[in-house]
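# Observations on the model geometry
Here is what each chain is made of, one letter per residue.
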Amino acid sequence: MSKASMSFILRLKLDKQTASFGKIATVISSSGGDLVAIDVIKENKQTTLRDLSINVDQKDAQNLIINELRKLEGISIQHTTDRTFLAHSGGKIHVVPKVKIDNRDDMSRVYTPEVARVCEAIDQDVERAHEYTIKKNAVAVISDGTAVLGLGKIKPEAAMPVMEGKAMLFKQFADIDAYPICLDTQDPEEIITIVKALRPTFGGINLEDIASPNCFSIEQRLKQELNIPVFHDDQHGTAIVALAGLLNALTLVSKPIETCKIIVCGIGAAGMAITNMLLKAGATNVIGVDVEGALHCRKKYERPGWNEFANKTNPNNEEGELCEVIKDADVFIGVSAPGLLTQSDIKQMAKSPIVFALANPNPEIQPEEAKPYAAVIATGRSDYPNQVNNVLCFPGIFRGALDCRAKEINDEMKLAAAKAIASTIQEDELDAEYIIPSVFNREVVPSIRQAVINAAITTGVAQIEPDSH
Ligand SMILES: NC(=O)C1=CN([C@@H]2O[C@H](COP(=O)(O)OP(=O)(O)OC[C@H]3O[C@@H](n4cnc5c(N)ncnc54)[C@H](O)[C@@H]3O)[C@@H](O)[C@H]2O)C=CC1
Ligand SMILES: CC(=O)C(=O)O
Ligand SMILES: [Mg+2]
């Protein structure tokens, strides 16, 4: 299994008499680098200027390569460029006009004076905003920077690269125009007020990386008070993809979800939503485990939502730590913290155990450790098989919701999305290392879109039936 790599470009000036390219290549590979490309920038009789693209597994290797190269004769390092930072230079997205403005006539059509006629038409019938503005295809990606990836709370400015990345994914996979918006407030009431005020411009709201428990109340209020889809990606996107993977994993080990004992570790934003999806999909024996051990209804909890959670889960009122309640479990789903699950925990599980260790970036157990004992393993990472990541869901679910002008994204639509993702892998293709399709599988978005539209129509939240339906 490969490890995620970083890449950088090294510009070297080489003295043709004394520098040896063979030595350079050897230094790079023996210092942990992978030389992937060489570009000649400038040549003259004495010197050659070259850009070397190098992949490394860790930052230390980059420093080591540079230090070792400095020791070689005839080499001068001009500069290094981190390709990841280079890709972020000036931000990752921009606005492109759909109509050309070459002369005054064009300008008077797209702007004043003629634009006023369009404004008046919309003012008379606000529904026309869907026809004559970006609203029809626009999603706001909103964060307060309080739970960014596995980084926790960071400055809202620092969350922008993630939100810009989400916007890119919306566009690339579902042709949705998404707008990254990071807010300089962490006050739920203020966030609700700001997001509500954005309603005229957007067809949907994707809440991103907002910490629990605020994410629950913010989403709930916005869902009640707005008539456009509001979706907290870290809760529902994760839950939908986790369920999709689990449905396929259960098919593989021939177990019905209804009779499985499922441990969900980490009852925060993702764990709550995953549990709700599991129950909706027919699971009857889900046990939530958090820092206080297994949640059960004989105890009263301070944390918002935990008493309600305990009432609808753990039917046998099992008590104890993870290592106790995991006995005979068929499934472990971790959305908690690194290293919480041990090999001996997995050994206690039922036959053909399924382990989803989804904490990012470091899972509850390393796949290499789980592999000898687990029948199926999934993580949140892109460098291992079976990546459970919400990017498989949010482009398709919003494509479906926008196309049928859904007033909301309800549980039926989420369940339909999970089943659609799962069904992009045929039963005879299923494998312990292939329970989740790749995000680059072109069937995923159209399949989610159609399933979501069908569910929206059936549940009465679709406002139009799209042509292609
Ligand atoms: N793979 C994916 O697509 C996604 C993965 N995640 C990952 O899941 C994890 C949780 O994310 P969120 O739910 O957003 O965070 P959260 O902060 O809302 O929830 C985490 C929960 O884990 C619990 N926890 C922490 N240490 C624990 C321990 N030692 N034992 C039991 N419970 C413990 C916390 O008390 C909390 O309830 C993070 O690592 C995040 O990166 C989250 C969303 C998507
Ligand atoms: C994948 C994602 O949305 C997260 O880790 O926050
Ligand atoms: Mg997120």
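Basis of the calculations
Residues numbered from 1 in each chain as written. Chains lettered and ligands numbered in written order. Predicted model: local features only at pLDDT ≥ 70, side-chain atom pairs only at ≥ 80, totals over all residues. Heavy atoms only, no water. Donors = N, O, S within 2.8 Å, 3.2 Å for Na, K, Ca; no water. Buried < 20%, exposed > 50% of the residue type's maximum accessible area, 1.4 Å probe, protein only. Helix = DSSP H or I, 4+ residues; strand = E, 2+ residues; numbered from the N terminus. Contact = heavy atoms within 4.5 Å. Right-handed = clockwise from strand over helix to strand, strands pointing away. Pairing = 2+ DSSP bridges. pLDDT = per-residue confidence, 0-100. Near = heavy atom within 4 Å. Polar contact = N/O pair within 3.5 Å; in protein donor to acceptor, adjacent residues only side chain to side chain. Areas by Shrake-Rupley, 256 points an atom, 1.4 Å probe, with all protein chains shown as cover. Nonpolar A, V, L, I, M, F, W, Y, C, P; charged D, E, K, R; others polar. Patch = residues over 30% accessible without salt bridge, like charges linked within 9 Å, V, L, I, M, F, W, Y side chains within 5 Å. Salt bridge = Lys/Arg side-chain N within 4 Å of Asp/Glu carboxyl O. Domains from an automatic or database assignment. Core = buried A, V, L, I, M, F, W, Y, C linked by side-chain atoms within 4.5 Å. Lys, Arg positive; Asp, Glu negative; His and termini not counted. Charge placed at Lys NZ, Arg CZ, Asp CG, Glu CD. UniProt positions renumbered as here; feature names shortened; annotations may be inferred.

Glu208 (OE), Asp209 (OD) and Asp234 (OD) make up the full set of protein donors to the magnesium ion (ligand 3), lying at 2.0 to 2.1 Å. Counting the intervening residues between successive donors of the magnesium ion (ligand 3) yields the motif E-D-x24-D. Judged by its relative accessible area of 1%, Glu208 is buried.

Another aspect to go through is the environment of Cys393. Relative to the helices and strands, Cys393 resides in the loop between β14 (376-379) and α16 (394-403). Beyond its immediate stretch of four places on either side in the chain, Cys393 contacts Phe231, Gly237, Ile240, Val241, Ile421 and Ile448.

As a further point, take unusual backbone geometry. Backbone phi values are negative for most residues with the exception of glycine, while trans is the configuration of most peptide bonds. With an omega of 15°, the peptide bond running from Thr112 to Pro113 counts as cis. Its place among the elements puts Pro113 in the loop between α4 (104-110) and α5 (115-124). One non-glycine residue, Ser352, lies in positive phi territory at about 50°. Along the chain, the position of Ser352 falls in the loop between α14 (343-348) and β13 (354-357). Positive phi, normally seen in glycine, also occurs at Asn386, with a value near 60°. With respect to the helices, strands and loops of the structure, Asn386 is situated in the loop between β14 and α16. A relative accessible area of 5% places Asn386 in the buried class.

Turning to the pairing of strand β9 (residues 261-265), a few remarks are in order. With five of five residues buried, β9 is to be regarded as a mostly interior element. The alternating pattern of β9 places Lys261, Ile263 and Cys265 and Ile262 and Val264 on opposite faces, both of which are buried. Handedness of the crossover joining β9 and strand β10 (residues 285-290) through helix α11 (residues 269-280) is recorded here as right-handed. Of the strand pairs in this sheet, β9 and strand β12 (residues 331-334) are connected by four bridges, and their pairing is parallel.

The next point concerns the confidence of the model for the protein. Predicted coordinates in areas of low pLDDT are best not read in detail. Taken as a whole, the protein shows an average pLDDT of 95; of its residues, 99% reach a score of 70 or greater. ipTM for the predicted complex: 0.97, alongside a pTM of 0.89.

Taken together, 21 residues form the shell around ligand 1, and within it Ser212, Ala269, Ala270, Asp290 and Arg303 come nearest. Between ligand 1 and the protein, one listed contact pairs an oxygen atom with a backbone N or O atom of Ala269 at 2.9 Å. Between ligand 1 and Val388, the relevant distance is 2.9 Å, taken from a nitrogen atom to a main-chain nitrogen or oxygen of the residue. Compared with its free state, where it exposes 850 Å², ligand 1 has 78% of that area covered by protein. Of the residues contributing to the shell around ligand 1, the split by class is ten nonpolar, nine polar and two charged.

Among the surface-exposed residues, Val99, Ile101, Met107, Val110 and Tyr111 lie close enough to one another that they form a single nonpolar patch of about 480 Å² accessible area. Tracing the chain through its elements places Tyr111 in the loop between α4 and α5.

Attention now moves to the site of ligand 2. Within the structure, ligand 2 sits among Leu149, Lys166, Glu208, Asp209, Asp234, Asn360, Asn389 and Asn390. One of the side-chain N or O atoms of Asp234 is found 2.8 Å from an oxygen atom in ligand 2. When the free accessible area of ligand 2 is taken as 220 Å², the share hidden by the protein chains comes to 86%. Considered class by class, the residues forming the shell around ligand 2 number one nonpolar, three polar and four charged. Two domains each provide a minimum of three residues to the shell around ligand 2, namely domain 2 (104-228) and domain 3 (239-469).

Before going further, it helps to spend a moment on the nonpolar core. By size, the foremost hydrophobic cluster in this structure holds 81 residues, and its most contacted members are Leu246, Ile262, Leu278, Phe356 and Ile397. With nine residues, helix α10 (residues 233-252) is the largest single contributor of residues to this core. Two domains each provide a minimum of three residues to this core, namely domain 2 (104-228) and domain 3 (239-469). Residues within four places of Leu278 in sequence aside, it is in contact with Leu243, Leu246, Ile257, Ile262, Val264, Ala283, Val286 and Ile333.

This next bit is on a negative patch on the surface. Together, Glu157, Asp184, Asp187 and Glu190 give the surface a local cluster of negative charge. Here Asp184 is to be found in the loop between β6 (177-182) and α8 (188-197). Residue Asp184 is classed as exposed on the basis of its relative accessible area of 73%.

Turning our eyes to something else, we now look at the UniProt feature "binding site: a divalent metal cation" (unreviewed entry) in the protein. Using the residue numbers shown here, the UniProt feature "binding site: a divalent metal cation" (unreviewed entry) corresponds to Glu208, Asp209 and Asp234. These annotated residues cover 27 residues of sequence, and their C-alpha atoms all fall within 6.5 Å of one another, placing them together at a single site. Structurally, the position occupied by Asp209 is in the loop between β7 (204-207) and α9 (214-225). Beyond its immediate sequence surroundings of up to four residues, Asp209 is in contact with Ser143, Asp144, Gly145, Thr146, Ala147, Val148, Leu149, Val162, Met163, His232 and Asp234. Of note, Asp234 is situated in helix α10. When residues no more than four places from it in sequence are discounted, the contact partners of Asp234 are Leu207, Glu208, Asp209, Ala270 and Asn390. In this structure the side chain of Asp234 is engaged in a polar contact, spanning 2.6 Å, whose partner is the backbone nitrogen of Asp209.

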